[in-house]
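Descriptive analysis of the structure
Here are the chains, one letter per residue:
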Amino acid sequence: MENGKAGKHGLEGDLDLQFLLLGGELLKVRSVSWRKPRYYKLQEDCKTMWYESRKTIKSSQTFSLDDIETVRSGRQSEGFQKYTEPGIEDRCFSIIFKERQKNLDLVAVSAQEAQQWIRGLDKVIVNMRKLNPQQKSEHWIFTCMRKADKNNDNKMTLKEMKKFLRKMNITVDDVYATELFEKCDTSRSGTLEDEEIKQFYDLLTHREEIDVVYQKYAKAAGQMSTKDLMDFLTNEQREKATVEGAVHLIEKYELDEMAKQKKHMTKDGFLMYMQGEDSAILNLAHKEVFQDMNQPLNHYFISSSHNTYLMEDQLKGPSSTEAYIRALMQSCRCVELDCWDGANGEPVVYHGYTLTSKVLFKDVIKAIKEYAFKTSQYPVILSLENHCTMSQQPLMAQHMRTILGSALLSQPLEETMPSCFPSPEELKGKFLIKGKRLNKLDAVFNNNNNIVEEDCVSEEDEAAETKENAQKNKSKKSKMKLAKGLSDLVIYCKSVHFTSFEHAKNNHNFYEMASFKESKALNLSEISANGYIHHNIDKLSRIYPAGSRTDSSNYNPVTMWNSGCQIVALNFQTPGKEMDLNRGLFLPNGQCGYNLKPQFLRDSSTQFDPIRLTSGPWLKQKSLHVMVISAQQLPKVKTSEKSIIDPLVKVEIFGVPSDSTSKETHYIANNGFNPMWNENFAFTIRVPELAMMRFKVVDYDPTSPNDFIGQYTLPLTSVKCGYRNVPLLTKRGAVIPSAGLFLHLMLLDVQ
């Protein structure tokens, strides 16, 4: 197994790859004055970028291509926009990292070289993401081997092997380490090389728990025939097995050509299958858009961000267009803009009455236009908190019209006054403006829309609350002037004040929507959940975090979803359980940012109440059995070489209050590489259509809180039964390469 072979697969002889391996000088830009040349090149493993600084004492550093989220061509980063001139646009590119690492803004010597860097990096990154689980695992293991091989002689001594095992997150006692080493050192040279390292790798990566399953079904002379595989799919995976389906899996995962010809699956092929997407816990059919997208817009949960412009906290953190890009690239479909008068007549976006930095409104709109539909074609709602005076409001409207162009919805889709929302399908590629409007939407159809050029409206609820916090002596709701040009852009999302469900039913049209502070929404969800559900069957509701959450923390969104609230806005910049749940809800349906609400949250005659459960179509009691079998290649929490984790797995259920619970395994001491638990848990689920599962892996610590290792969250309706692999994500939602859980799940009807 050659280093870098998997990384080069399909790119051997590629000129762009050769260019990266040779490397070249790039100008790194951090500010107007900080611009320094750095030599960059791709290492032979085709997985690591190396760069050298031009200091007196030369130093070199590396970063993994696994850490790169995307490579952007041109001056498409905030740093480039601030610190460089448009004249060098075609020589610029930015490397954007998955976690909170700063962007890398680089300038090539020519436009041609810039394109070669971009093409080359894109090719290698795409290639790496195409690697099958075994190749990814080999990549990770050989990276650890290379780090342990101090003298770079491609041989491994006993001492280097022990160091390698520590890097792999395994503590092995000296007797076992020596025994393993001697077993593989067939040449008795005192070092492992070539085939001996291959044997060592095979012993290390042996999956006993998968062997047991394979042996149970492999009846054809020690191999799985097509019929054996069909039996396994039917009995264990609870899938409708066909001959064609089984043969397709053999073609897809089997490595041995002889076995393929016989339509057999070997143990290695079965291991590949058990690590592949067809054995993942997420239903493969749900990775694409599979729901009906022709229902009215308010029949969907909509992935939504609060104070989208903030990168950190609510008081003094930076505002940035980058925050919008990151949210939109996660398929967030409702972003917020707090708009204020800025210098030189240009409106700005920032958190009013605080020390957060400011960003130009037009730059935010440009970033939104560029990135809104890269991961999802479904509509994006721009939620405007407008504090601008009459002098700058027309410019806001002008910027949105000129920058967003025909993608901006500025007229209803219908010929006559509608009675309900259009669907996400009808609104594909469109921007909807949420904000105050001077008149009713009927005016558009009554030739009655030109009467007033400006008038007063009440301030946004959230804005008024912020102002109230800043000016305690406030006695009544303040009014603000609104320009007609801005008002006219609000079509299906007119902001109104909420008084009561009864008042809204009698006085508000379907397109008139209220924003609720989390405490108000929580109170309504607990006291009058069914009333809230009926309100949301007709209208949209937006929920936002309390102003007291100055640290940008989040509330639990599940309670609001249970009441049918669609736009449950969270601080996307803050990792934690709440954002894990948000990612989990929007993981299926092609991660498009829209998730169709269950029928009982859309039916105008529904009597569903998540807190006071009664019988009805929502009550489909299930018994969920989860066996946590093992984990593979868990990352270290602490960087210390001698630090090995003690992992345990927590299985959590979120949903209606009576379904919400959690259970956890015991911890395994000193093994992050292949810990095995074989622990069974049983859960009773009453409302499966609102239930979500979260698997959290932590490093057990008896003296302090357990350290987070990784997690994965998804709706129960997208869970596949049987033996399943579960990927693990970082706190910020990036996939941890090679790490995962292995489980067995059963979901049974309770009579």
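Rules used in this analysis
Residues numbered from 1 in each chain as written. Predicted model: local features only at pLDDT ≥ 70, side-chain atom pairs only at ≥ 80, totals over all residues. Heavy atoms only, no water. Core = buried A, V, L, I, M, F, W, Y, C linked by side-chain atoms within 4.5 Å. Buried < 20%, exposed > 50% of the residue type's maximum accessible area, 1.4 Å probe, protein only. Helix = DSSP H or I, 4+ residues; strand = E, 2+ residues; numbered from the N terminus. Axes fitted to C-alpha atoms, helices over the stretch in contact; angles between N-to-C directions. Parallel < 35°, antiparallel > 145°, perpendicular 65-115°, else oblique. Contact = heavy atoms within 4.5 Å. Nonpolar A, V, L, I, M, F, W, Y, C, P; charged D, E, K, R; others polar. Polar contact = N/O pair within 3.5 Å; in protein donor to acceptor, adjacent residues only side chain to side chain. Phe/Tyr/Trp six-rings, centres within 6.5 Å; stacked < 30°, edge-to-face > 60°. Lys NZ or Arg CZ within 6 Å of the ring centre and 35° of its normal. Left-handed = near helix turned anticlockwise from the far one by under 90°.

Here's the deal with the nonpolar core
Ranked by internal contacts, the top residues of the largest apolar core, which has 70 residues, are L337, I368, L382, M400 and F431. The element that contributes the greatest number of residues to this core is helix α15 (residues 361-371), accounting for six residues. Among the nonpolar cores identified, the runner-up in size contains 34 residues, and V626, I653, Y712 and V719 belong to it.

Examining the packing of helix α2 (residues 15-22) against helix α4 (residues 111-129)
In a packed pair of helices, the relevant descriptors are the angle between the two axes and the axis-to-axis distance. Where α2 meets α4, the axes come as close as 8 Å, and the angle between the chain directions of the two elements is 100°. One element, α2, and the other, α4, form an angle in the roughly perpendicular class. Here L15, D16, L17, F19 and L20 of α2 lie close against α4, whose contacting residues are E113, Q116, W117, R119, G120, L121, K123 and V124. Among the residues making up the contact of α2 with α4, the classes are represented as seven nonpolar, two polar and four charged.

A few points about the side chain of S623
Tracing the chain through its elements places S623 in strand β21 (residues 622-632). Take S623: its relative accessible area is 17%, and that puts it in the buried class. Within the structure, S623 has its side chain in polar contact with the side chain of H625 (distance 3.0 Å). Look past the residues within four positions of S623 in its chain and what remains in contact with it is F683, M746, L747, L748 and V750.

Section: unusual backbone geometry
Phi at R238 is positive, roughly 55°, even though this residue is not glycine. By the secondary structure assignment, R238 is in the loop between α10 (226-235) and α11 (243-253). In this model, N670 sits at a positive phi of 55°, which is unusual for a non-glycine residue. Looking at the element boundaries, N670 is found in the loop between β23 (661-664) and β24 (676-685).

Observations regarding the packing of aromatic side chains
In the structure shown here, the tally under the stated rule is 30 aromatic pairs. Relative to F510, the ring of F421 lies with its centre 5.0 Å away and its plane at 85°, an arrangement referred to as edge-to-face. Within this pair, whereas F421 is found in the loop between α16 (393-404) and β13 (431-435), its partner F510 is found in the loop between α20 (501-507) and β17 (512-517), the two being separated by 89 residues in sequence. Judged on exposure class, the residue F421 and its partner F510 are both buried. On the numbers, 4.1 Å between centres and 10° between planes, the contact of Y667 with Y700 is stacked. Note that Y667 is positioned in the loop between β23 and β24 and Y700 in the loop between β25 (692-699) and β26 (707-715), a separation of 33 residues in sequence. For Y700, a relative accessible area of 27% gives the class partly exposed. Ring pairing ties together the aromatic residues Y214, Y217, F232, Y253, F270, Y273, Y723 and F742, which thus form one cluster. The side chain of K663 reaches across the aromatic face of F683, ending 5.1 Å from its centre.

What to know about the packing of helix α14 (residues 321-329) against α15
Two elements in contact, α14 and α15, have axes whose closest approach is 9 Å; the angle formed by their N-to-C orientations is 25°. With respect to each other, α14 and α15 are oriented roughly parallel. Relative to α15, the crossing made by α14 is right-handed. Residues T321, Y324, I325, L328 and M329 of α14 touch α15, and the partners they reach there are D363, V364, A367, I368 and Y371. A per-class count over the contact of α14 with α15 returns eight nonpolar, one polar and one charged.

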